[in-house]
Amino acid sequence: MALAAIGALLLLGGGGMQARGTEGVADAAAEAALRKYADKGVKADEIGIALCRLDGKRIMVLDGYRQDEAMYPASVVKLFYLTYLAHQLEKGRLKKTDEIERAAKDMIVESDNDATNWILEILTGATSGPELDASALKRWMSQRQAVNRYFSGLGYKDVNACQKTWYSGPYGRERQGYGPNFEHRNSLTPSACTRLLSEIMTDRLVSPARCEWMRGYLSRKIPADSKDADSQSKGYSGQALPSGTKLWSKAGWTETVKHDVAAVETKDGRRFVWAIFTKSHSDIADLVPFIAGELLKGLL
């Protein structure tokens, strides 16, 4: 069984007990957001939340709100590409070079799409280019499934992480790869994202050294402690965190979705991981920070 092979008390997405005293935290946060932003038309099916607690090396599910409903992940998918890159480096299938290091940093710290697209090419061997005939396209699309095959083998559900992230595209074979109706575009659930960041935080999937390497890129300053907090902090969960809280996160945003996957460590050492997904309301600047704040209130 894939979950058992991870070697932890991992309760996300697969049967287990819920930590006492946390039932309803995600529901309450979502309902508070629905009340606060009712005049802006925010609906129940436009929010997804998954929430867990880290207890040493254990990952314990706390609560969720539509946590298994998939959405377009925007740049949150870069967390999955980073993890598969760490796996390939760990196995010696790729050699870490200055250029790989530069691209990995830009992909996560700056959320740069050009860096991401190059990383996906070296991970899969499926490069951009002119349109392909049916046979060649089938082979190309199979190559692009490398990241999905990796996570499927670990027991992850509802993960489709096979497309580049774009400023304006896709074109050529990249457009073909999306399918006629964009049915193959990237898709993730809050539950899968929370599980992945939890495993990075607890030194799973790859060696502790590789997990620390990933955490180095995911670490963010928060507005309460620094004027240098970046946009992936101050526009997202970091905005809601009190002074002294540590943050590791990856945000994603487009004109239609706005998400955050965050690990937080409070001043007294309690550690939580959450994924907050929202769609259709990227124009509401404080929607994700508000939900993060409500989660924190319910947990502390």
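In this report, we go over the structure that sits alongside the text. (Residues numbered from 1 in each chain as written. Predicted model: local features only at pLDDT ≥ 70, side-chain atom pairs only at ≥ 80, totals over all residues. Heavy atoms only, no water.)

Right, let's get into the overall build of the chain. In terms of regular secondary structure, the chain is built from twelve helices and six strands. Since a compact globule built from 300 residues should have a radius of gyration of about 19 Å, the 19 Å found for the chain is in line with a globular shape. Projected onto its principal axes, the C-alpha positions of the chain cover 55 × 45 × 40 Å. Burial status across the chain gives 55% buried among its 300 residues. Contacts in the chain between residues far apart in sequence, at least 24 positions, make up 64% of those at least 6 positions apart. Summed over all atoms, the accessible surface of the chain reaches about 13,000 Å², with 48% contributed by carbon and sulfur. Side chains of the chain carry 41 positive and 37 negative charges; the gap between the two charge centres is 4 Å. (Helix = DSSP H or I, 4+ residues; strand = E, 2+ residues; numbered from the N terminus. Rg over C-alpha atoms; globule rule 2.2 N^0.38 Å. Buried < 20%, exposed > 50% of the residue type's maximum accessible area, 1.4 Å probe, protein only. Contact = heavy atoms within 4.5 Å. Areas by Shrake-Rupley, 256 points an atom, 1.4 Å probe, with all protein chains shown as cover. Lys, Arg positive; Asp, Glu negative; His and termini not counted. Charge placed at Lys NZ, Arg CZ, Asp CG, Glu CD.)

We now examine the packing of helix 4 (residues 98-109) against helix 5 (residues 113-124). Packed helices, taken two at a time, are described by their axes: the angle between them and the distance between them. Where helix 4 meets helix 5, the axes come as close as 8 Å, and the angle between the chain directions of the two elements is 130°. One element, helix 4, and the other, helix 5, form an angle in the oblique class. The two elements helix 4 and helix 5 meet at a crossing, and its hand is left-handed. Judged by residue contacts, E99, I100, A103, A104, D106 and M107 of helix 4 engage A115, T116, W118, I119 and I122 from helix 5. Considering only residue class, the contact of helix 4 with helix 5 consists of eight nonpolar, one polar and two charged. (Axes fitted to C-alpha atoms, helices over the stretch in contact; angles between N-to-C directions. Parallel < 35°, antiparallel > 145°, perpendicular 65-115°, else oblique. Left-handed = near helix turned anticlockwise from the far one by under 90°. Nonpolar A, V, L, I, M, F, W, Y, C, P; charged D, E, K, R; others polar.)

Buried residues of helix 6 (residues 134-143): A136, L137 and W140, and no others. Down the axis of helix 6, the buried set is contained in an arc of 100°. They therefore lie on one face. More than 90 degrees from the buried face of helix 6, the exposed residues found are A134, K138 and R139. Tucked into the core, helix 6 has its buried residues touching helix 8 (173-177). (Arc of directions from axis to C-beta.)

So, on to a negative patch on the surface. On the surface, a cluster of negative charge is contributed by D45, D68, E69 and D158. With respect to the helices and strands, the residue D68 is situated in the loop between strand 2 (58-65) and helix 3 (78-90). (Patch = residues over 30% accessible without salt bridge, like charges linked within 9 Å, V, L, I, M, F, W, Y side chains within 5 Å. Salt bridge = Lys/Arg side-chain N within 4 Å of Asp/Glu carboxyl O.)

Glancing now at empty space enclosed by the protein. Under the definition given, this model contains one cavity of 30 Å³ or more. Taken as a whole, the largest cavity encloses approximately 40 Å³ of empty space. (1 Å grid on protein atoms, 1.4 Å probe; cavity = no way out; pocket = protein on both sides within 12 Å on 5 of 7 lines; lining within 4 Å. Points joined across faces, edges and corners; volume = space filled by probe spheres on them.)

Here we take up the nonpolar core. Counting residues in each nonpolar core, the largest one holds 50 residues, and the members touching the most others are F80, L85, L197 and W213. No other element matches the eight residues that helix 3 contributes to this core. Residues in contact with L85, not counting those within four places in the same chain, are L94, I100, A104, I119, L123 and W213. Membership of the second largest hydrophobic core comes to 31 residues, among which are A30, L62, I222 and F272. (Core = buried A, V, L, I, M, F, W, Y, C linked by side-chain atoms within 4.5 Å.)

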